[in-house]
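# Structural characterization, general
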Amino acid sequence: ETGVTQSPTHLIKTRGQQVTLRCSSQSGHNTVSWYQQALGQGPQFIFQYYREEENGRGNFPPRFSGLQFPNYSSELNVNALELDDSALYLCASSRDRASYGYTFGSGTRLTVV
Amino acid sequence: GDSVTQMEGPVTLSEEAFLTINCTYTATGYPSLFWYVQYPGEGLQLLLKATKADDKGSNKGFEATYRKETTSFHLEKGSVQVSDSAVYFCALSVLRNTGNQFYFGTGTSLTVIP
């Protein structure tokens with residue numbers, strides 16, 4: 001079975017721009033969550049999607065939004081980028097919202113200049 | 001609010017030494033607790049988990065027991081190897097009215113020297 005794949009691996013954007021990050025879930029997984037990991041910090045929970053609906057959200061502003069598609073792949077969109085948005089963005093998938101079964105991708109490194 | 005606090009690193013140990021990485025949590029209700037490991041250049045991997053009080057999670061020689069009375073989930077290994085060098089994250093998940101919530105600690109870097 002394939003794992004979780006994220007694209008792109010690296011990205012540089014300018015402050016004020018918008019960005020879309022993509023994630024393909026592991027085969028058989030219908031739940032996806034996104035995290036922001038600043039350098040030297042632990043991952044911060046952004047939100048979770050289960051069967052195309054948001055199922056939990058962390059303390060992030062509305063300019064962080066997401067989508068989950070019928071094939072359970074997912075997007076994270078960030079509008080009006082700020083310098084502090086520079087981080088590693090991680091996607092994780094699991095089956096049926098099972099928090100203990102999460103498989104993580106290797107992440108997208110976003111740099112905002 | 002809900003949170004996880006883990007021992008700050010970095011931690012440097014000699015091979016075959018005993019490892020403890022402390023983790024305490026704050027959460028109402030019945031959180032599930034996890035340890036994740038991140039090897040250099042790789043993504044996060046689930047190391048072990050415990051879903052209720054007094055459960056012991058174990059994997060690859062690592063153990064952690066869910067202690068509700070002390071709100072702790074300390075990670076231990078009796079004899080570390082060089083290959084255990086990595087960053088270890090304690091985490092919890094809890095179901096709230098707004099859905100699932102996840103919290104990670106800041107991570108503890110472990111270096112094992114031969």
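The notes below deal with the structure included here. Please read these numbers as outputs of a predicted model, since none were measured by experiment.

Once that is clear, we can look at the packing of aromatic side chains. Within the structure shown, the criterion is met by 14 aromatic pairs over all chains. Where Tyr 25 of chain B meets Tyr 66 of chain B, the ring centres are 6.0 Å apart and the plane angle is 85 degrees; that geometry is what we call edge-to-face. Residue Tyr 25 of chain B is found in strand E4 (residues 23-26), and its partner Tyr 66 of chain B is found in the loop between strand E8 (62-65) and strand E9 (75-77); the two are separated by 41 residues along the sequence. Exposure class is identical for Tyr 25 of chain B and Tyr 66 of chain B. Each is buried. Taken together, a centroid distance of 5.6 Å and an interplanar angle of 40 degrees make the contact between Phe 62 of chain B and Tyr 88 of chain B tilted. Separated by 26 residues along the polypeptide, Phe 62 of chain B in strand E8 and Tyr 88 of chain B in strand E10 (residues 86-96) bring together distant segments of the chain. For Phe 62 of chain B, a relative accessible area of 1% puts it in the buried group. You can call Tyr 88 of chain B buried: its relative accessible area is 0%. One aromatic cluster is present, built from ring pairs that chain together Tyr 35, Phe 45, Tyr 102 and Phe 104 of chain A together with Phe 34, Tyr 36, Phe 102 and Phe 104 of chain B.

The tally for this structure, following the rule as stated, stands at 8 salt bridges over all chains. The shortest N-O distance in the salt bridge between Arg 57 of chain A and Glu 54 of chain A comes to 3.4 Å. The class of Arg 57 of chain A is partly exposed, set by a relative accessible area of 23%. Here Asp 84 of chain B makes a salt bridge to Lys 77 of chain B, at a shortest N to O gap of 2.7 Å.

Cut-offs applied
- Residues numbered from 1 in each chain as written.
- Chains lettered and ligands numbered in written order.
- Predicted model: local features only at pLDDT ≥ 70, side-chain atom pairs only at ≥ 80, totals over all residues.
- Heavy atoms only, no water.
- Phe/Tyr/Trp six-rings, centres within 6.5 Å; stacked < 30°, edge-to-face > 60°.
- Helix = DSSP H or I, 4+ residues; strand = E, 2+ residues; numbered from the N terminus.
- Buried < 20%, exposed > 50% of the residue type's maximum accessible area, 1.4 Å probe, protein only.
- Salt bridge = Lys/Arg side-chain N within 4 Å of Asp/Glu carboxyl O.

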